[in-house]
Amino acid sequence: MSKPTVLVVDDERDIRELLTITLGRMGLLVDSAGTVAEARARLAGARYGLCLTDMRLPDGNGLEIVAHIVARHPETPVAMITAYGNVEAAVDALKAGAFDFVSKPVDLSVLRRLVNNALELQQRRAAAAPTSSGLIGQAPVMQQLRQTIGKLARSQAPVYIAGESGAGKERVARLIHEQGPRASGPFVPVNCGAIPTELMESEFFGHKKGSFTGAHADKEGLFQAAHGGTLFLDEVAELPLSMQVKLLRAIQEKSVRPVGAPTEIPVDVRILSATHKDLARQVEDNRFRHDLFYRLNVIELRVPPLRERVEDIPLLADAILRRLSSEIGEPMPVLSADALVVLRDYPFPGNVRELENILERATALCEGETIQPPDLRLPAGTGPRGASAAVSASAGNGPTGASPSPTGSGDDLPRHLENLEREAIVRALEECRYNKTKAAAKLGITFRALRYKLKKLAIE
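We now turn to the structure provided with this report.

Rules behind the numbers
Residues numbered from 1 in each chain as written. Predicted model: local features only at pLDDT ≥ 70, side-chain atom pairs only at ≥ 80, totals over all residues. Heavy atoms only, no water. Core = buried A, V, L, I, M, F, W, Y, C linked by side-chain atoms within 4.5 Å. Buried < 20%, exposed > 50% of the residue type's maximum accessible area, 1.4 Å probe, protein only. Helix = DSSP H or I, 4+ residues; strand = E, 2+ residues; numbered from the N terminus. Contact = heavy atoms within 4.5 Å. Polar contact = N/O pair within 3.5 Å; in protein donor to acceptor, adjacent residues only side chain to side chain. Pairing = 2+ DSSP bridges. Axes fitted to C-alpha atoms, helices over the stretch in contact; angles between N-to-C directions. Parallel < 35°, antiparallel > 145°, perpendicular 65-115°, else oblique. Left-handed = near helix turned anticlockwise from the far one by under 90°. Nonpolar A, V, L, I, M, F, W, Y, C, P; charged D, E, K, R; others polar.

1. Some points on the nonpolar core
Ranked by internal contacts, the top residues of the largest apolar core, which has 44 residues, are Ile 161, Val 172 and Ile 176. Broken down by element, the residue count for this core peaks at 5 residues, all from helix H4 (residues 87-96). Those residues in contact with Val 172 that sit more than four places away from it in its chain are Leu 135, Leu 145, Ile 149, Ile 161, Leu 301 and Val 303. Within the second largest apolar cluster, 32 residues are counted, among which are Tyr 160, Ala 226, Leu 231 and Val 269.

Below, the structure written as structure tokens:
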């Protein structure tokens, strides 16, 4: 297999020689150029595995080269060499389509990682076209989303994923990771709203033994755990302002300092973030730092809600029912035509996650082999899509179809209902001396529904 060739564009001879020696020791071939015009000529006459370009050049700037490569040579990753601390230039390069950036004076270890990531991306793209497994749907907005994911996967730019709760933001983040050069590295998701404020710094950056009461051993933080891979900051709007400052520094400096440690540790992570809130509005209201928003929102990707792609509901429902069937190891009922019409007319405030909950509940409660509209137990008073009466509906409703609690939008209600359900089933089994047929009758559900519940709740 021929050695990859890297194009180095810099008007400083010393920098070109340093990069040529470093890349040569990595077993790579190197071409060099000192101007924008010379770089374009080189690109027209050869194919490159990577291009490294300086920002300031005698006849233009590196952004022109980035734009040229993105438009005419999209298969070639391009990375920007920026002045130390020039964050805006790096962000502009990423927005223009650069794969990554490295600051002067060039840290050779950082450079080697960047080059290896770029070449791995080339190999993965040559081996197979990006897939979008787990992203079901043929609606135009979903086809556009798949194309955008494929483009973003080729970059190292931070991506802010906007979308409503339950729309699939984490699934999109995983696909960006899986289709990029960091696929072999870890994908570390973290719910920023679930970490107590007093433990946040330790969770993100780790701590040293004895650094505070209860620190009985060294602990690795989330940044270290994601080294070489992707850190996904879900519900990033929930970060307190004090933590936002520390997170900004970690992202800018690409290093973290564990609590109680005397020095910083370099980390190589790609940052993806998401929230169901309007982050720009949070900035306007001084609830989120503008400079951190600027760093996270280099590229914004919107995940459409389910009501904007109702034509995908049959495909999604079929996939969900097949998964449920596989999980419990027995045939599952199918949706009737009437039930499908009802689902298509429902606004789904909880999006795909709510559809999953509705079908899981209907599967357990339906009497025959076909799910009928009453089995869906949708909230009473639900009108066509967009009806305000349904916006507060929750898929966590119990079998009676009662109105949901005001706290139904949180993560604790489904867990609480599951615990109540488990207690009721265990009590019925004990009272019926573990005769499942009698226990099902006592609970007022079918025998099949009881078997499903026993498997789902892991009740032996």
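2. Structural notes on the side chain of Ser 255
Summarising the element assignment, Ser 255 is placed in strand E11 (residues 255-256). Among the polar contacts listed, one links the side chain of Ser 255 to the side chain of Glu 264, at a separation of 2.8 Å.

3. Section: the sheet that holds strand E14 (residues 299-302)
One open sheet holds the 5 strands; their spatial order is E9-E10-E13-E8-E14, and the pairing between them is parallel. Of all the strands in the sheet, just strand E9 (187-191) and E14 have a single pairing partner and so form its edges. Along the sheet, successive strands turn relative to each other by an average axial angle of 20°, direction set aside. As defined by bridge partners, strand E10 (residues 230-234) adjoins strand E13 (residues 270-275) across 5 bridges and the pair is classed as parallel. Paired with Leu 233 across the two strands is Ser 273, which belongs to E13.

4. Notes on the packing of helix H6 (residues 140-153) against helix H7 (residues 169-178)
The packing of two helices is summarised by the inter-axis angle and the distance between the axes. Close contact between H6 and H7 brings their axes to 8 Å; oriented N to C, the two are set at 45°. Judged by the inter-axis angle, H6 sits oblique to H7. The handedness of the crossing between H6 and H7 comes out as right-handed. In this structure, H6 uses Leu 145, Ile 149, Leu 152 and Ala 153 to contact H7, whose residues at the interface are Val 172, Leu 175 and Ile 176. For the contact of H6 with H7, the residue count by class is 7 nonpolar, no polar and no charged.

As far as function goes, none of this settles anything; it's purely spatial.
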